[in-house]
Amino acid sequence: MRKDRKPNRKGTAVDFAPHIGWIVEEESVRVFQAKKGELLKLKYPEAAVWDLISRYSQEADIIPKLAAICELNAASARTLLRSCLRSWLQAEVLLKAADRG
Amino acid sequence: MTFSFAIPVLGKWLLSAPFSQSVALVNESARRRAVSAEPPPDFHLRAPEELDPLFLGIIPTRDCNMACAYCGFRSSRGSGKHMDYALAAAAVRWLAETCLKRNKETLNVHFFGGEPLSAFDVVEVAVHSARRLAAENGLIPHFEVCTNGFMTDDQSRFVGDYFHTVILSFDGPPEFQNRNRRLKGRGESFETVARTARALGDGPAQLCLRVCVTRDSVARMPDMSLWFSREFRPGVVSWEVLKPTSRSGKAGLFPPDPYDFACGFIASRRILEQRGIRTVYAADVLPEPRYTFCPMGQDALVVTPDGRVNACYLPEEEWLGSGLDLTIGRMSSDSGLRLFSRARQKVFQHVRHKPGCDGCFCRWSCAGGCHVHHSAAGRDIRDSDFCLQTRIITACSLLQRMNEESLVDELLADRAALEKLARQPSYLVNQS
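Criteria and thresholds
Residues numbered from 1 in each chain as written. Chains lettered and ligands numbered in written order. Predicted model: local features only at pLDDT ≥ 70, side-chain atom pairs only at ≥ 80, totals over all residues. Heavy atoms only, no water. Helix = DSSP H or I, 4+ residues; strand = E, 2+ residues; numbered from the N terminus. Buried < 20%, exposed > 50% of the residue type's maximum accessible area, 1.4 Å probe, protein only. Areas by Shrake-Rupley, 256 points an atom, 1.4 Å probe, with all protein chains shown as cover. Lys, Arg positive; Asp, Glu negative; His and termini not counted. Charge placed at Lys NZ, Arg CZ, Asp CG, Glu CD. Contact = heavy atoms within 4.5 Å. Buried area = accessible area lost by both parts, 1.4 Å probe. Salt bridge = Lys/Arg side-chain N within 4 Å of Asp/Glu carboxyl O. Polar contact = N/O pair within 3.5 Å; in protein donor to acceptor, adjacent residues only side chain to side chain. Nonpolar A, V, L, I, M, F, W, Y, C, P; charged D, E, K, R; others polar. 1 Å grid on protein atoms, 1.4 Å probe; cavity = no way out; pocket = protein on both sides within 12 Å on 5 of 7 lines; lining within 4 Å. Points joined across faces, edges and corners; volume = space filled by probe spheres on them. Phe/Tyr/Trp six-rings, centres within 6.5 Å; stacked < 30°, edge-to-face > 60°. Lys NZ or Arg CZ within 6 Å of the ring centre and 35° of its normal. Expected span 1.5 Å × (residues − 1). Pairing = 2+ DSSP bridges. Axes fitted to C-alpha atoms, helices over the stretch in contact; angles between N-to-C directions.

**Digging into the overall build of chain B**
Thought 1: Looking only at helices and strands, one finds 14 helices and 14 strands in chain B.
Thought 2: By principal-axis analysis of the C-alpha atoms, chain B measures approximately 65 × 50 × 40 Å.
Thought 3: Within the span of chain B, comprising 432 residues, buried residues form 57% of the whole.
Thought 4: For chain B, the exposed surface amounts to about 17600 Å²; the carbon and sulfur share of it is 50%.
Thought 5: Averaging the locations of the 52 positively and 49 negatively charged side chains of chain B gives two centres separated by 4 Å.

Given below as structure tokens:
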């Protein structure tokens, strides 16, 4: 399990919540938080979104890759990305950047 | 028992039958009584009608971030072209559809370069496309990458998380790695590559260290084996000899003596395998006979950044220089694969046509070595360094199968016996 990843996401709208870690499995990504245990099991295409946002902060870097991976046009890829971000903010595995204190 | 080949070993004869996988150690009188009747192999000169890909190779770019002193690839001069995301995704889709049609379970994707991670974004797209399609279709994804290890920590984590096998070119301690495998601009690569190797050795991917041995490093193979096992915990160490290029001579790098290399390899294998590390010399004898040294001729399809589909990962100028055309199709993001059937047939015939190997006991284990650099038609390879070292290593491997370890030691200590074994012109059992 990866613990306390510190992706380079400075200056972006979202960040990972503290003590988030994840494991890459054959068909999915499992997201954990210390003390709370498993929070999410992400299948595709969400698993790809999770991996991409761990390395890229700008939509412009993510959308073309996500579009190719999921065989979507750019608008649909953007919708998918934003929907994932919304859902993970709600689940509190991501935080708005301003919340980081 | 019938045998095909008789190999002289210190006054005895090692008899070998590659197709029945039989070996025996006999005296001269028994050799004379041995019968050479192993049937010729079932020799499919034609490719099967339907394509049955061993794996899909993707070359995201021919660019490379290093400038190795022996590299013959044009990539280190940099072509700049990276594969389009759509082409990478289309290639993976084609593979998934083919696997489903042929009831194959594994979606096997290999990445070559240049340095494939120089186009890291293309690798990300191909890996996630393959994983998505595998998950949707009940397939098992399998990823392998050949890399120089000069990567960021982020990239190293991605490789550790998503790849099953990492073949990392790493020539050993700083005195070899920094001399042989320099960065562009002549910087040293050792620290970063060693860090990558440690990180990957600690992860779940199988780490295979691919070591290029030179005249200067050959005597250090046993020391290096201990060091590799202690420092990096690889699953596999694969030893290769330097292939001379126009650059390598200028850099003062030369291939090792083939006898020294063979001795170094056997010593290293003992050290590494005692520690649970598989030790590879690519031309060594395998559990099954083979008619091709490499994936060429087994329907491995290698897609280049511009969409050509080749039977080999080497750059075009290398095989054209050997009189070969190994382009067997085109892949496009619109229409998938267009296969050139006649070109594919020629590749099948080329890998099976090895007149230079007639009579050699390694014919069905090394299969002539690299089809481009070593055994292209018309080359006289009989006493090449590759053949000499391969015969010694193969004979030692066969003896070790019979637990004749002390005979191997005796043989390796006797240069005249090694030369007799490696240079005898014919090995057919029924010839005197």
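**A short note on the interface of chain B and chain A**
Thought 1: Taken together, the contacts link 21 residues of chain B with 21 residues of chain A.
Thought 2: Buried surface at the junction of chain B and chain A, summed over both partners, amounts to about 2000 Å²; 51% is from carbon and sulfur atoms.
Thought 3: For the pair chain B and chain A, the interface holds three salt bridges.
Thought 4: The interface formed by chain B and chain A includes ten residue pairs in polar contact (both at pLDDT 80 or more).
Thought 5: If you list the elements that add at least two residues to the side of chain B that touches chain A, you get α2 (85-101), α3 (120-137), β6 (140-147) and α4 (153-162) of chain B.
Thought 6: Counting residues per element, the side of chain B that touches chain A draws most heavily on α3(B), which supplies ten residues.
Thought 7: Grouping the amino acids of the side of chain B that touches chain A by side-chain chemistry returns ten nonpolar, three polar and eight charged.

**Topic: empty space enclosed by the protein**
Residues and elements named next belong to chain B.
Thought 1: Tallied over the full model, the rule gives three cavities of 30 Å³ or more.
Thought 2: What the largest cavity holds in volume is close to 120 Å³.
Thought 3: Every residue lining the largest cavity is counted, 16 residues in all, and those nearest its centre are S16, P18, Q21, V285 and L398.
Thought 4: Breaking the lining of the largest cavity down by element, the ones donating at least two residues are β2 (12-17), β3 (22-26) and α12 (385-401).

**Section: the packing of aromatic side chains**
Thought 1: For the structure on display, the rule yields 25 aromatic pairs over all chains.
Thought 2: Ring centres 6.4 Å apart and planes at 55° place the aromatic pair F228(B) and F232(B) in the tilted group. On the criterion of helical spacing, the pair formed by F228(B) and F232(B) is a turn pair, its members being four residues apart in helix α7 (residues 221-232). F232(B) matches F228(B) in its accessibility class, with the two residues each being buried.
Thought 3: Through pairs of rings, three or more aromatic residues link up here, namely F111(B), F120(B), F143(B), F158(B), Y162(B) and F163(B).
Thought 4: Positioned above the aromatic ring of Y56(A) is the side chain of K65(A), whose terminal nitrogen or guanidinium carbon lies 4.1 Å from the ring centre.

**As for the environment of V303(B)**
Residues and elements named next belong to chain B.
Thought 1: Among the structural elements, V303 can be located in strand β11 (residues 301-303).
Thought 2: Residue classification places V303 among the buried residues on the basis of a relative accessible area of 0%.
Thought 3: The spatial distance from the C-alpha of V303 to the C-alpha of H82 is 12 Å, given a sequence separation of 221 residues.
Thought 4: What V303 contacts, discounting residues up to four positions off in sequence, is L56, G57, I58, I59, M83, A91, R308, V309 and M331.

**Observations concerning unusual backbone geometry**
Thought 1: The step from Y44(A) to P45(A) runs through a cis peptide bond, and the omega angle for that step is 10°.
Thought 2: Relative to the helices and strands, P45(A) resides in the loop between β4 (37-43) and α1 (46-55).
Thought 3: A cis amide bond links G113(B) to the next residue, G114(B), at an omega of 5°.
Thought 4: Positionally, G114(B) belongs in the loop between β5 (106-111) and α3.
Thought 5: In this structure, E92(A) is a non-glycine residue whose phi angle is positive, near 65°.
Thought 6: You can see E92(A) is positioned in the loop between α3 (74-90) and β5 (94-96).
Thought 7: In this model, Q21(B) sits at a positive phi of 60°, which is unusual for a non-glycine residue.

**Regarding helix α2 (residues 59-70) of chain A**
Thought 1: Counted at 1.5 Å a residue, the expected span for α2(A) with its twelve residues is 16 Å, and the 16 Å between its end C-alpha atoms agrees.
Thought 2: Within α2(A) the residues assigned to the buried category are I62(A), I63(A), K65(A), L66(A), A67(A), A68(A), I69(A) and C70(A).
Thought 3: Elements that come into contact with the buried residues of α2(A) comprise α1 and α3 of chain A together with α2 and α3 of chain B.
Thought 4: After α2(A) finishes, the residue E71(A) shows a positive phi value of roughly 55°.

**With respect to the sheet that holds strand β4 (residues 56-58) of chain B**
Residue and element names in this part refer to chain B.
Thought 1: Strand order in this open sheet of eleven strands is β10-β9-β8-β7-β6-β5-β4-β11-β12-β13-β14, and the pairing throughout is mixed. Both edges of this open sheet fall to β10 (278-280) and β14 (336-339), since each of them pairs with a single strand only. Strand after strand, the sheet turns through a mean of 25° between neighbouring axes, direction not considered.
Thought 2: The sheet contact formed by strand β9 (residues 236-241) and β10 spans three bridges and is parallel. Looking across to β10, one finds that V236 is bridged to R278.
Thought 3: Across the sheet, helix α6 (residues 190-201) is in contact with β7 (165-169) and β8 (206-213); its angle to β7 comes to roughly 160°.
Thought 4: Of the strands in this sheet, β13 (327-332) and β14 touch helix α11 (residues 341-352), which is tilted by about 135° from β13.

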